[in-house]
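Listed here are the chains, written in short residue letters.
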Amino acid sequence: MPFTDELRRTIATLPRSPGVYLMRGADGEVLYIGKATDLRSRVRSYLGSGDPRPFVRLLDDLLSDVEVVVTNSAKEALLLENTLIKRHRPRFNLELRDDKQYVTLRIDPEHPWPRVEVVRRVREDGARYFGPYHSASKVRQTLQVLNRHFQLRTCRDAVLHNRTRPCLQYQIQRCPAPCVLPVDRDAYMDDVRHAMLFLEGRNDTLVDALRARMQEASDALEFEEAARIRDRIRAVEESREGQVAVRTSLTDQDVLGLAREGEDAMVVVLVLRAGSLIDMQRFPLTDQVVEDDALIEGFLSQYCMRPGAEWPPEILVPVLPRETEALDETLAERRGGRVRIAVPQRGEKRRLLELATENARTAFEDWRSVHRRGEEAVEKLRQRLRLRNAPRHMECYDISNFQGAEIVASQVVFVDGLPDRDRWRRYRIRSVSDQDDFGSLREVAVRRARAARSGDDPLPDLMVIDGGRGQLAAFLDGLRASGVEPPDVIGLAKARTIGTSDEDDATVHSSERVFLPGVREPLLLKPNTSERHLLERIRDEAHRFAITFHRKRRRSRTLHSGLDAIPGIGSGRRTALLRHFGSLRRVREAQLTELESVPGFSRKLAFSVYDHFHPGEADPPADGE
């Protein structure tokens, strides 16, 4: 249907201010989010036929309403657009793959004794972040060099503040032990700065600084220190040999390569620092019904918002973004200087762009190959189990508990045969207080059906229950009791021992068994088939996800139960104790004087804690103490 007169009147009254617009369908779903310096002019442009983007042609049938949010500037609109896209995840917007599955190295220069931490989430906390690292082996190699040659502490803050003697790292000369020894902080911070230069890939600057420091140590006849610095220089130079020098200029750059086929695309970012390629990041994108310039604009809008990101003075792109004013302003503010976005036409920069594009093509083919294998496994599973639909969207559920305590469940989601971790979910079971997997699964089914009825999370093509006929029946009962028509639902039972071999007495196991509703005998899956591997993988992920959550809950309960019975210890003081000592065991072992040193603890309160773990060993404080 064409745009209604009411919708046209709404658009005609929009303000001519900068801001963000949200296009909604008849059911309220957000279809697309965009930004504009003039909201009325930008939204009105969708009414014409001049916009070449494929999804615009679909708006006649889908668009029901337009909502706008006015901002003070185009830069504010860019920031708000990025936030709203992450919240609503519109179908026609580019969604940049989250880096949380990759590890990042973090250094907080403001800490009295900084260390290198491995984290998965980057935060706006003033610390320096390096990465993300897409290879676990690369992280291990980097940490090995840092630990061996830069000699920064590796212990957590709780350990740093509570050690009484140096640890093994000090004995093997990999840490100066600032926890207990008088360490020169200026010299330690020099090591921190050198470590950050190493992580930034500024090896030439680092080597020059180290050579000057080595000469100073030698002139002062500190030959052991000079030898230590010499070894550090060698380590830096060896790591530099592993980096690819792609140009002779020493300018820092990020180079974007783009490869696409239909609605699927791959963006590769070559990270160049001081002329060396220090990292390559890959970002697969799906459902991209926009032109290349809009895709690059959407990519940069989200890529530049990464907390802790450091921007080079120049970004080379295959095509200029449509609107660059707000992007330029935001990048300049974040970097503290101008960031030039350019499309090189010739020379060395053009060759860099071609290199990035070639890497994007290679990464795109690898990614598509993995997806094809997943799609083939999905189709074979449909045929083998005679499902109503190809199980492109699969969910698997598992229950974990220990003797009926801390019962939890997991929901793992696969799309086209691959994990979609953003949609994984954990449940704390509320209606069951003992070891009852059937009752637990019934509760999970009811809660999952509630989410489906609300429209927040539609049911998948296939639901897999970790268990046999009883678990399957309990889950189906929960769905039907909630008034939801179940999709395809199966039970997957692990292989079981069926006897021993007559030849060598080896244990013989059955095949994986699939239980189907209304079918008496289970279906056996042949080993080494793609459909069996897919089911095993989603079941194993659900089991791992559930048991990890269960262990976390048990650890938390153990910590709390050990302190909850102490008079005067509430949640705030319990947290203070654990933060100060690092663990419940250390709280138990602490002396009375150590407990008194906890911030906010009087002698009377410290005695309550000490007497709880060591009854009768200390005299109570006198009144008034």
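Residues numbered from 1 in each chain as written. Predicted model: local features only at pLDDT ≥ 70, side-chain atom pairs only at ≥ 80, totals over all residues. Heavy atoms only, no water.

### Things to note about the overall build of the protein
So, step 1. Secondary structure summary: the protein contains 20 helices and 22 strands in total.
So, step 2. Buried positions account for 46% of the 625 residues belonging to the protein.
So, step 3. Across the protein, contacts joining residues at least 24 apart in sequence account for 61% of those joining residues at least 6 apart.
So, step 4. Per element, the accessible surface of the protein, about 32,200 Å² overall, is 46% carbon and sulfur. (Helix = DSSP H or I, 4+ residues; strand = E, 2+ residues; numbered from the N terminus. Buried < 20%, exposed > 50% of the residue type's maximum accessible area, 1.4 Å probe, protein only. Contact = heavy atoms within 4.5 Å. Areas by Shrake-Rupley, 256 points an atom, 1.4 Å probe, with all protein chains shown as cover.)

### Some remarks on helix H13 (residues 347-385)
So, step 1. Given a rise of 1.5 Å per residue, 39 residues ought to cover 57 Å, and the 57 Å separating the end C-alpha atoms of H13 matches this to within 8%.
So, step 2. At the C-terminal side of H13, Arg386 shows a positive phi close to 55°. (Expected span 1.5 Å × (residues − 1).)

### Some details on the environment of Ser433
So, step 1. Relative to the helices and strands, Ser433 is located in the loop between strand E16 (425-428) and helix H14 (437-453).
So, step 2. Of the residues examined, Ser433 reaches a relative accessible area of 69% and is grouped as exposed.
So, step 3. When the C-alpha positions of Ser433 and Ile407 are compared, they lie 7.9 Å apart, and in sequence the two are 26 residues distant.

### Considerations on the pairing of strand E9 (residues 264-273)
So, step 1. Of all 10 residues making up E9, nine are buried, and the element is well covered by its neighbours.
So, step 2. Pairing analysis gives nine bridges linking strand E8 (residues 253-261) to E9, with the strands arranged antiparallel. Its bridge partner being in E9, Arg260 is matched across the sheet by Ala265. (Pairing = 2+ DSSP bridges.)

### Comments concerning the sheet that holds strand E2 (residues 30-36)
So, step 1. Read from one edge of the open sheet, three strands run E2-E1-E3, paired in antiparallel fashion. Looking at which strands have only one partner, the edges of the open sheet turn out to be E2 and strand E3 (65-70). The mean angle between the axes of side-by-side strands here comes to 20°, regardless of whether they run parallel or antiparallel. (Axes fitted to C-alpha atoms, helices over the stretch in contact; angles between N-to-C directions.)

### Thoughts on unusual backbone geometry
So, step 1. With a phi close to 65°, Gln173 is a non-glycine residue in the positive phi region.
So, step 2. Along the chain, Gln173 falls in the loop between helix H7 (168-171) and helix H8 (185-200).
So, step 3. When its relative accessible area of 62% is taken as the criterion, Gln173 is described as exposed.
So, step 4. Positive phi values are uncommon outside glycine, yet Leu221 reaches one of about 65°.

### Some remarks on the packing of aromatic side chains
So, step 1. In total, this model carries 10 aromatic pairs according to the counting rule given.
So, step 2. Arranged with centres 5.6 Å apart and planes meeting at 40°, the rings of Phe150 and Phe198 form a pair that is tilted. Of this pair, Phe150 sits in helix H5 (residues 136-150) while Phe198 sits in helix H8, and the two are 48 residues apart along the sequence. Per residue, the accessibility class of Phe150 equals that of Phe198, and both read buried.
So, step 3. Between Phe283 and Tyr303, the ring centres sit 5.6 Å apart and the planes meet at 80°, which makes this aromatic pair edge-to-face. Taken together, the residues span a long stretch of sequence, with Phe283 in strand E10 (residues 276-285) and Tyr303 in helix H11 (residues 292-303) at a distance of 20 residues. (Phe/Tyr/Trp six-rings, centres within 6.5 Å; stacked < 30°, edge-to-face > 60°.)

### A short note on the confidence of the model for the protein
So, step 1. With 87% of its residues at a pLDDT of 70 or more, the protein has an overall mean of 81.
So, step 2. In the model, residues 241-248 has pLDDT below 50 throughout and makes 21 contacts with residues more than four positions away in sequence or in other chains. (pLDDT = per-residue confidence, 0-100.)

### Brief notes about the side chain of His371
So, step 1. Within the secondary structure, His371 sits in helix H13.
So, step 2. Apart from residues no more than four positions distant in its own chain, His371 is found in contact with Asp416 and Leu418.

### Topic: the side chain of Arg106
So, step 1. Here Arg106 shows up in strand E4 (residues 103-107).
So, step 2. With near-sequence residues (within four places) excluded, Arg106 lies in contact with Arg115, Val116, Glu117, Val119, Asp125, Ala127, Arg128 and Tyr129.

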